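# Structural overview for review
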Amino acid sequence: MSIAPLYQPPAKAKYQLRSKLGYFAFHQVSRFDYLMRHLRKTLPYLTARKLANLALNLAEWKFKTLVPRSMPPYLKVESTPVCQMSCTGCSHHDPDYKRQFHPAMNLTLEDFKRVIDPVKDTLLGVTLSLRGEPLLNRNLPEIVGYAHQEGIATSFPTNLSVQMSERTAYEIVSSGLDAMYVSLDGTTEETYARYRVGGDFQLVVKNVRLLAEAKKALQSKRPKLIWKLVVFDYNEGEMEIVRRTHKSLGFDGYEFVPDWSGQAFASKKRIFNTRLVQKKRACFFPWNAMVITSEGDVKPCCHEPRDFALGNAIRDGVREVWRGKAYHELRAGFATKTFGKNMHEECKACIGYAEATGPSAQLVQIEERSNEPKQVRADEEIIARHSSENSKLSR
Ligand SMILES: C[S@@+](CC[C@H](N)C(=O)[O-])C[C@H]1O[C@@H](n2cnc3c(N)ncnc32)[C@H](O)[C@@H]1O
Ligand code: SF4
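Note that the structure is predicted; figures quoted are calculated from it, not measured.

What counts, and at which threshold
Residues numbered from 1 in each chain as written. Chains lettered and ligands numbered in written order. Predicted model: local features only at pLDDT ≥ 70, side-chain atom pairs only at ≥ 80, totals over all residues. Helix = DSSP H or I, 4+ residues; strand = E, 2+ residues; numbered from the N terminus. Buried ≥ 20, exposed ≤ 12 C-beta atoms within 10 Å, placed from the backbone. Pairing = 2+ DSSP bridges. Near = placed C-beta within 6 Å. Nonpolar A, V, L, I, M, F, W, Y, C, P; charged D, E, K, R; others polar. Contact = placed C-beta atoms within 7 Å. Expected span 1.5 Å × (residues − 1). Arc of directions from axis to C-beta. Core = buried A, V, L, I, M, F, W, Y, C linked by C-beta atoms within 7 Å. Axes fitted to C-alpha atoms, helices over the stretch in contact; angles between N-to-C directions. Parallel < 35°, antiparallel > 145°, perpendicular 65-115°, else oblique. Left-handed = near helix turned anticlockwise from the far one by under 90°.

### Some remarks on the overall build of the chain
Helix and strand counts for the chain stand at 19 helices and 8 strands. When the 395 residues of the chain are sorted by exposure, 48% land in the buried category.

### Concerning the pairing of strand S3 (residues 153–158)
A regular strand places its side chains so that they alternate between the two faces of the sheet. Of all 6 residues making up S3, 6 are buried, and the element is well covered by its neighbours. Both faces of S3 are covered, namely the face carrying Ala153, Ser155 and Pro157 and the face carrying Thr154, Phe156 and Thr158. Here 3 bridges tie strand S2 (residues 125–127) to S3, and the two strands are oriented parallel to one another. Following the sheet pairing, Gly125 is matched in S3 by Ala153.

### Some words on the pairing of strand S1 (residues 74–77)
Residues Tyr74 and Lys76 line one face of S1 and the alternating positions Leu75 and Val77 line the opposite face, and both faces are buried. Bridge count for S1 against S2 is 3 bridges, and the pairing is parallel. Across the sheet, Tyr74 pairs through a bridge with Gly125, a residue of S2. Here S1 pairs with strand S7 (residues 289–292) via 4 bridges, running parallel. If you follow Leu75 over to S7, its bridge partner there is Met290.

### Remarks on the sheet that holds strand S8 (residues 298–299)
The mixed open sheet is built from 8 strands, whose spatial order is S6-S5-S4-S3-S2-S1-S7-S8. The open sheet terminates on both sides in strands that have one partner only, identified here as strand S6 (253–258) and S8.

### Thoughts on the site of ligand 2
Around ligand 2 sit Cys83, Met85, Ser86, Cys87, Cys90, His92, Gly132, Glu133 and Asn159, and those are all the residues in its vicinity. The class makeup of the residues in the shell around ligand 2 is 4 nonpolar, 4 polar and 1 charged.

### Describing the environment of Lys120
Its location among the elements puts Lys120 in the loop between helix H5 (109–116) and S2. For Lys120, a count of 17 C-beta atoms within 10 Å translates into the label partly exposed. Linking Lys120 and Gly151, residues 31 residues apart in sequence, is a C-alpha distance of 8.1 Å. Sequence-distant contacts of Lys120, defined by excluding residues within four places in its chain, comprise Glu150 and Ile152.

### Notes on helix H3 (residues 48–62)
Given a rise of 1.5 Å per residue, 15 residues ought to cover 21 Å, and the 21 Å separating the end C-alpha atoms of H3 matches this to within 8%. Residues of H3 that are buried include every one of Lys50, Asn53, Leu54, Asn57 and Trp61, and no others. Taken end-on, H3 shows its buried residues confined to a sector of 100°, consistent with a single buried face. Among the exposed residues of H3, those oriented more than 90 degrees off its buried face are Ala48, Ala52, Ala55 and Lys62. Of the surrounding secondary structure, the elements contacted by the buried residues of H3 are helix H12 (285–288). Among the residues trailing H3, Lys64 stands out with phi positive, at a value near 55°.

### Focus on the nonpolar core
In this structure, Leu75, Ile116, Val182, Val208 and Ile226 are the most contacted members of the largest nonpolar core, which totals 87 residues. If sequence neighbours within four positions are ignored, Ile116 has contacts with Leu75, Leu123, Val126, Ala147 and Ile152.

### Some details on the packing of helix H7 (residues 166–174) against helix H9 (residues 201–217)
The N-to-C vectors of H7 and H9 enclose an angle of 60°; their axes lie 9 Å apart at closest approach. With respect to H9, the axis of H7 lies oblique. H7 and H9 meet at a crossing whose hand is right-handed. Contact residues: Glu166, Ala169, Tyr170, Ile172 and Val173 in H7; Leu210, Leu211, Ala214 and Lys215 in H9. Class assignment for the residues of the contact of H7 with H9 results in 7 nonpolar, no polar and 2 charged.

No statement about biological role is implied by the geometric values presented.
Here's what the structure looks like:
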């Protein structure tokens with residue numbers, strides 16, 4: 001089955017602006033794009049206190065404050081590490097990796113409350129995904145419902161290749177979820193199956209329809225349903241079909257992200273990292289967000305396997321971990337005077353410290369000057385290191 005025959009002329013969509021931006025610079029989602037994505041979701045929940053915390057947070061990141069007074073504006077809280085699929089570029093492709101998780105490893109509402117309650121007055125948004133498939137956690141609608149009731153924006157990426165009843169679709173829509181990024185990496189069963197091992201193309205398309213119909217029946221504009229296409233060489237030509245058909249399938253918008261194991265991604269990452277190291281800038285993540293597994297373990301970002309030993313948000317509390325010794329030391333690695341000296345080995349590897357300070361760095365600068373248009377140069381680290389939700393607290 002292919003989506004192309006479903007084409008109908010699209011109505012003017014609100015998401016067109018972001019979509020155009022995504023198309024223009026699809027090789028990386030800019031920080032602007034990332035912030036816009038989050039702001040759009042968080043605007044309805046904005047309070048003076050949240051705004052003040054965000055402003056202070058950005059200042060503290062800029063000035064590299066080691067123990068910030070601000071709290072993280074965004075949290076990424078894992079719904080479950082379990083996944084039913086084995087996409088080729090994901091850790092879940094490795095059976096040994098998969099085996100370490102069992103179906104009961106779900107975030108509970110009680111643990112979620114323990115995590116967000118201490119920071120809910122300053123929290124802008126939560127993304128409910130990290131390693132697995134969020135919808136496998138049956139507690140998800142009530143977790144989302146609680147965050148929504150507390151005035152916190154919610155979203156998550158999903159493979160949506162799950163059996164979904166009409167009732168579940170209604171529950172998801174009624175929960176107050178703000179956005180769902182649907183991983184549909186192709187417009188035909190053939191291209192989809194090349195990356196999405198174990199996924200069911202037709203089931204995903206059917207579920208999008210179910211959700212769109214539930215939104216209509218409940219007269220709800222949310223969740224925004226975003227078609228997220230990871231762009232590979234073999235599906236690059238399908239971007240145009242996505243642009244033309246997304247509305248007729250029930251989506252509100254679309255997003256293109258580069259394959260994180262591809263050449264284009266590696267090259268952008270190298271250019272970005274060289275600039276970050278040479279200008280001694282701080283990575284955004286240790287200041288702006290906190291990533292928490294379903295068991296409460298805290299990481300500064302989405303990379304794994306990484307043991308930063310920062311603490312446990314369920315046991316110790318987000319505020320304590322955020323201002324704790326381990327986080328302090330992690331941030332100190334980016335201090336201007338001693339940049340790189342006491343940097344965590346994982347951060348060094350991630351930002352390519354050795355490469356950026358080595359003899360090949362000059363070549364990268366030449367590559368940067370010749371390749372990068374000004375607009376793209378303004379793009380920042382989110383996609384360069386984390387792709388979408390990737391990013392992108394995906395975004
Ligand atoms: C690891 S997945 C977890 C959520 C869910 N299981 C899914 O696949 O959407 C998180 C995000 O990574 C994205 N992703 C997966 N493989 C990717 C790749 N090779 N390049 C870029 N992003 C990728 C997915 O599209 C998804 O938005
Ligand atoms: S669906 Fe998501 S978590 Fe599951 S294997 Fe694919 S990318 Fe990984």
